[in-house]
Amino acid sequence: MVTTEYKFEGWMGLDPSSVEGNMVWREFEPKPWEETDVDIKITHSGICGSDLSTLRSGWREAPYPVVVGHEIVGVAVRVGSKAEGGIKVGDMVGVGAQSDSCLGRDGPCEACGNECENYCSQVVMTYASKHRNGAPTLGGYGRYHRCPSHFVIKIPDGVAPEHAAPMLCAGVTVYSPLKHFGVGPGKRIAVIGIGGLGHFAVLFAKALGADEVVGISRKQNKRKDAIDLGCDDYIALDDEEGWATKHKNRFDLILSTVSSTKMPLGDYIRLLKFEGTFVQVGLPEGPVSLALGSVMGGRRTLTGSAIGSPREIYEMFKLAAEKNVQPWIEKRPMQDANQAIVDMDAGKPRFRYVLVNN
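Fair warning: this is a prediction, and the values are worked out from it, not measured in the lab. (Residues numbered from 1 in each chain as written. Predicted model: local features only at pLDDT ≥ 70, side-chain atom pairs only at ≥ 80, totals over all residues. Heavy atoms only, no water.)

Moving on to unusual backbone geometry. Of note, the bond from Y64 into P65 is cis; its omega dihedral lies within 30 degrees of zero at 0 degrees. Secondary-structure assignment places P65 in the loop between α1 (49–55) and β4 (72–79). With phi around 65 degrees, N249 is a residue other than glycine that occupies positive phi space. Within the element layout of this structure, N249 appears in the loop between α6 (243–246) and β13 (251–256). For N249, a relative accessible area of 39% translates into the label partly exposed. A positive phi angle is found at R299, which is not glycine, with a value near 45 degrees. (Helix = DSSP H or I, 4+ residues; strand = E, 2+ residues; numbered from the N terminus. Buried < 20%, exposed > 50% of the residue type's maximum accessible area, 1.4 Å probe, protein only.)

Structural data, given as structure tokens:
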């Protein structure tokens, strides 16, 4: 058995009430060490809406006890002899929402073979999942994290650790489809939901050179934030009568970051140009209704996108450094994680909380 001079401990959810600020601080056993692993002393851990959905068993019953957090940044303190990526002890590194995949170890895998590990059928998530050796995956609301090195990303110069943390999930979740669907000069883009994911979508769409980026939200209270982020226009649905008709056929691509089961999906899709693309990245905790005529009428595409691959995370960090992408974050002490998730659930952050270990 390998021993270390540091303890793995963190905030643990024991039941659905943990999302109400009832996580408990406990020591836990990390996955058994393998020489492909990296141990990280956590400095920053972003709070994601997925953390709250998992704590409350919103999508499915969580495998309690759980330690959430999949926007992890810190210092590599132990690096296995077979670790990938040239990681060295002392490097600033990060881990996003994924910890492992088949990587072709069990035979041909089209997703892994195309560097799209996030779509592997054997995907291992950073928490509430199981490592390939059967150990539970435990996230970043804590002091240390152990992860297979293929999914440990070096943080480049020019990207602050508190900015890198939310990029590892929220950032790459929107960067991936923006890049994949060719957002750049000549494209008109709409972003539905100006929040944790949506504000990243605006920042990256502008960094990629889109001609027009428009924010869409229900209320006027996000207008100033949207314009300050770089939006060229803003649509407040509750205050603009006939918006679905006024803006019909306007956009090449719409990126929806919202997770409401009551979203007017058909009306949103009609905002697309002929053969436009609607990408859903927010994950509702239930079904959403859609009359298919809105898709068929303009030969439009309705698709989804999930997190991002290690290659895309590297690309995103490079773009962020080159274009000086500055997410809107608020740092919160790790010891105040319970209050931070309560505030997150109440919609208080503008636009992302990042837990910081002193």
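This paragraph deals with the UniProt feature "domain: Enoyl reductase (ER)" (unreviewed entry) in the chain. UniProt's entry tags residues 21–355 with the feature "domain: Enoyl reductase (ER)" (unreviewed entry), counted in the numbering of this structure. For the annotated span residues 21–355, helix accounts for 26% and strand for 24% of the residues, and the straight-line distance between the end C-alpha atoms is 15 Å. (UniProt positions renumbered as here; feature names shortened; annotations may be inferred.)

Moving on, we come to empty space enclosed by the protein. A complete count under the given rule lists two cavities of 30 Å³ or more for this structure. As a volume, the largest cavity reaches approximately 90 Å³. Among the elements that make up the lining of the largest cavity, the one with the highest residue count is strand β8 (residues 144–148) (three residues). Looking at the lining of the largest cavity residue by residue, the classes come out as six nonpolar, six polar and two charged. What the second largest cavity holds in volume is close to 80 Å³. Residue lining of the second largest cavity: 13 residues in total, with G96, Q98, F151, G308 and I313 positioned closest to the centre. Of the residues belonging to the lining of the second largest cavity, the class tally is nine nonpolar, four polar and no charged. (1 Å grid on protein atoms, 1.4 Å probe; cavity = no way out; pocket = protein on both sides within 12 Å on 5 of 7 lines; lining within 4 Å. Points joined across faces, edges and corners; volume = space filled by probe spheres on them. Nonpolar A, V, L, I, M, F, W, Y, C, P; charged D, E, K, R; others polar.)

Our next topic: the nonpolar core. Counting 45 residues, the largest nonpolar core has M167, L178, F204 and F317 as its most contacted members. Listed by contribution, the elements that provide at least two residues to this core are α3 (161–180), β10 (188–192), α4 (196–207), α5 (223–229), β12 (233–236), β13 and α9 (310–323). In terms of residues, this core owes the most to one element, α3, which gives nine residues. The residues touching F317, leaving out its near neighbours within four places in the chain, are I153, K154, I155, P156, V159, A164, M167 and L168. (Core = buried A, V, L, I, M, F, W, Y, C linked by side-chain atoms within 4.5 Å. Contact = heavy atoms within 4.5 Å.)

Turning to helix α10 (residues 337–345), a few remarks are in order. Of the residues making up α10, those classed as buried are A337, N338, A340, I341, D343 and M344. The elements touched by buried residues of α10 are β1 (9–12), α1, β16 (329–333) and β17 (352–356). Phi for G347, located one or two positions after α10, is positive at around 75 degrees.

We now examine the pattern of salt bridges. Taken as a whole and assessed by the stated rule, the structure comprises 26 salt bridges. The residue D228 makes a salt bridge to K224 at a minimum N-O spacing of 2.7 Å. Pair noted here: D228 and K224 are both in helix α5, with a separation of four residues, about one helical turn. Given a relative accessible area of 44%, D228 falls into the partly exposed group. Note on K224: relative accessible area 58%, which makes it exposed. (Salt bridge = Lys/Arg side-chain N within 4 Å of Asp/Glu carboxyl O.)

What follows deals with the state of the cysteines. A complete count under the given rule lists zero disulfides for this structure. No disulfide involves C109; its sulfur sits 3.6 Å from that of C102, the nearest cysteine. Cysteine C169 is unpaired, with the sulfur of C48 as its nearest cysteine sulfur at 4.0 Å. With a relative accessible area of 5%, C169 lands in the buried category. (Disulfide = S-S within 2.5 Å.)

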